[in-house]
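# Fold and contact review
Each chain, letter by letter, is given below.
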Amino acid sequence: MKTKKLVMIPGPTPVVRSIQDQMGRETVAFGDPAFVKDYKDLLTDMKEMWGTSGEVFVIAGTGTMAMEMAIANTLKAGDNLLIVSQGFFGDRFIDLCKRKGINVDVIGSEWGTIVPVADIEAKLKDKNYKAVTATHVDTATGVVAPIKEIGEVISKFEDTLFIVDGVCATAAEPEYVDEMKIDVLLTGTQKAFGVAPGLAIVWAGPRALERRKALGTIPEYYIDFEKWLPIMQDPSKYFATPAINLIWALKESVRLIKEEGLENRYKRHEKNARAMQAALEGLGFNLLAQKECRAVTLSNVLYMEGIDDVEFRKMLAEEGIVVAGGLGAYAGKMFRLGHMGNIDIHDMVSVIATIERALYRSGKDVELGKGVGILMKELLK
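The rules we used
Residues numbered from 1 in each chain as written. Predicted model: local features only at pLDDT ≥ 70, side-chain atom pairs only at ≥ 80, totals over all residues. Heavy atoms only, no water. Salt bridge = Lys/Arg side-chain N within 4 Å of Asp/Glu carboxyl O. Helix = DSSP H or I, 4+ residues; strand = E, 2+ residues; numbered from the N terminus. Buried < 20%, exposed > 50% of the residue type's maximum accessible area, 1.4 Å probe, protein only. Phe/Tyr/Trp six-rings, centres within 6.5 Å; stacked < 30°, edge-to-face > 60°. Pairing = 2+ DSSP bridges. Axes fitted to C-alpha atoms, helices over the stretch in contact; angles between N-to-C directions. Contact = heavy atoms within 4.5 Å. Arc of directions from axis to C-beta. Parallel < 35°, antiparallel > 145°, perpendicular 65-115°, else oblique. Left-handed = near helix turned anticlockwise from the far one by under 90°. Lys, Arg positive; Asp, Glu negative; His and termini not counted. Polar contact = N/O pair within 3.5 Å; in protein donor to acceptor, adjacent residues only side chain to side chain.

Now for the pattern of salt bridges. Going through the model one piece at a time under the given rule, you end up with 26 salt bridges. A salt bridge links Arg255 to Glu252; the nearest nitrogen and oxygen atoms lie 2.8 Å apart. Of this pair, Arg255 and Glu252 both sit in helix 9 (residues 244-260), separated by three residues, roughly a single helical turn. A relative accessible area of 40% means that Arg255 is categorised as partly exposed. With relative accessibility at 10%, the residue Glu252 sits in the buried group. Note that Arg357 is salt-bridged to Glu319, the shortest N-O span being 2.6 Å. Here the residue Arg357 occupies a position in helix 12 (residues 345-361), and Glu319 occupies one in the loop between helix 11 (309-318) and strand 13 (321-322), the gap between them amounting to 38 residues. Here Glu319 falls in the partly exposed class, since its relative accessible area comes to 28%. A network of salt bridges, in which partner residues are shared, links Glu318, Glu319, Arg357 and Arg361.

If you want it as structure tokens, here you go:
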């Protein structure tokens, strides 16, 4: 009998039936009045829920494209950019920006730790930067950056915009654009929204929109804010064909979030994450991210001595649990376990129980049921 797969990587995340159903609807014309209304309602919800008086762009693309969109509309060749990096995906901004002729400085941290906010402020005092980028949650390390505190510091510097990569954070870690002094927040649909990959989402606050105007004509075409602004304000207009079924799927995801309550969703992710992390530590694993800066969307789990990465993940996969391998210097030394979006208690119990069995099969002296017991105690608190 074919084993049902439970994909527990840091994205894409499992897609629940009601969202799948929206993707399976008969596609309509992009100018269909009912679809135009759905698109407009979605955009209104996204602006209100994530709190900006600016604009939100929901267009066909990926999280990486959203990164490029954020940079292209706020910086030009010769501008200075400070990249705050806490891992592999923070570093991705380096190549992206250098290709555009932007002057890049990087302030990084040891994997598993954050860049101290005081160090960021010191860099900003030392040099005039047109923008600062920070990855809210870096999936390579499982570290969550103190976005609110960083935003407060950057707001002291009038000419500096704050660009936040929320790909593995948005809809799970608290993010409020204007309130947190974020000028551009970017994400994708396939992580905490629990939708299939294919939509890029970019919120642009008032200062970011002003910066775009000041840049004049930019080299980029498809990702130009000014090409998309008329469509975001009136989706009956046309610039490029929207991903109709994905728009419906995201609208259903947002409906589920509204039904749960965004703040309640943040609390659920926090509770689920700490329960999963306690269970993993109870089984003898260590986590890469320090306790005070662990993300709620994933855990980066270091192997104990004697565990072979490929064999361990193969054993999990045989029982239908798919996890991701480590990146960079941690390739082969850890697995990355996503626990975000619309997963439920049954998914979490299945994952921990399967990890227990894989440890047992690997010859480790593990008490079967211990991890599940810890998980349940934490969830029932």
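Each aromatic ring pair is specified by the distance between its two centres and by the angle formed by the two planes. According to the stated counting rule, one finds 17 aromatic pairs in the structure shown. Geometrically, the ring pair formed by Tyr222 and Trp228 is edge-to-face, given 5.5 Å between the ring centres and 85° between the ring planes. On the basis of an interplanar angle of 75° and a centroid distance of 5.6 Å, the ring pair of Tyr303 and Phe312 is categorised as edge-to-face. By the burial criterion, Tyr303 is buried, and Phe312 matches it.

This part covers the sheet that holds strand 4 (residues 103-108). The strand order across the open sheet built from seven strands is 2-10-9-8-5-3-4, with neighbouring strands paired in mixed fashion. Of all strands in the sheet, those with a lone pairing partner are strand 2 (55-60) and strand 4, marking the two edges. Adjacent strand axes in the sheet meet at a mean angle of 15° when their direction is disregarded. Pairing of strand 8 (residues 161-165) with strand 9 (residues 184-188) involves three bridges; the strand directions are parallel. Its bridge partner lying in strand 9, Ile163 is registered against Val184. Most of the contacts of helix 3 (residues 63-72) go to strand 9, to which it runs at about 165°, and overall it touches strand 2, strand 3 (80-85), strand 5 (131-135), strand 8, strand 9 and strand 10 (199-204). The strands touched by helix 8 (residues 225-233) within the sheet are strand 2 and strand 10, with strand 2 carrying the most contacts at an inclination of about 100°.

We now examine helix 13 (residues 370-379). Looking only at helix 13, the buried set comprises Gly371, Val372, Leu375 and Leu379. One side of helix 13 carries all its buried residues, which in axial view fall inside an arc of 100°. Its buried side turned inward, helix 13 meets helix 10 (262-282) and helix 12.

Let us look at the packing of helix 3 against helix 4 (residues 88-98). Two elements in contact, helix 3 and helix 4, have axes separated by 11 Å at closest approach and are oriented at 55°. The angle between the axes of helix 3 and helix 4 places the two elements in the oblique class. Crossing of helix 3 against helix 4: the hand is right-handed. Between helix 3 and helix 4, the residues in contact are Thr64, Met67, Glu68 and Ile71 and Phe89, Arg92, Phe93, Leu96 and Cys97, respectively.

Mapped onto the elements, Gly142 comes out in the loop between strand 6 (137-138) and strand 7 (143-144). In this view, Gly142 contacts Ala289, Cys293, Arg294, Ala295, Leu298 and Asn300; residues no more than four positions away in its chain are not counted.

Moving on, we come to the side chain of Asp138. Assignment of secondary structure puts Asp138 in strand 6. Buried charge without a partner: Asp138 forms no salt bridge, and the closest opposite charge is Arg336, 6.9 Å away. Looking at Asp138, its side chain comes within polar contact range of the main-chain nitrogen of Ala140, at 3.0 Å. If we ignore the near neighbours within four places in the chain, the residues touching Asp138 are Gln86, Gly87, Phe88, Phe89, Gly90 and Val143.

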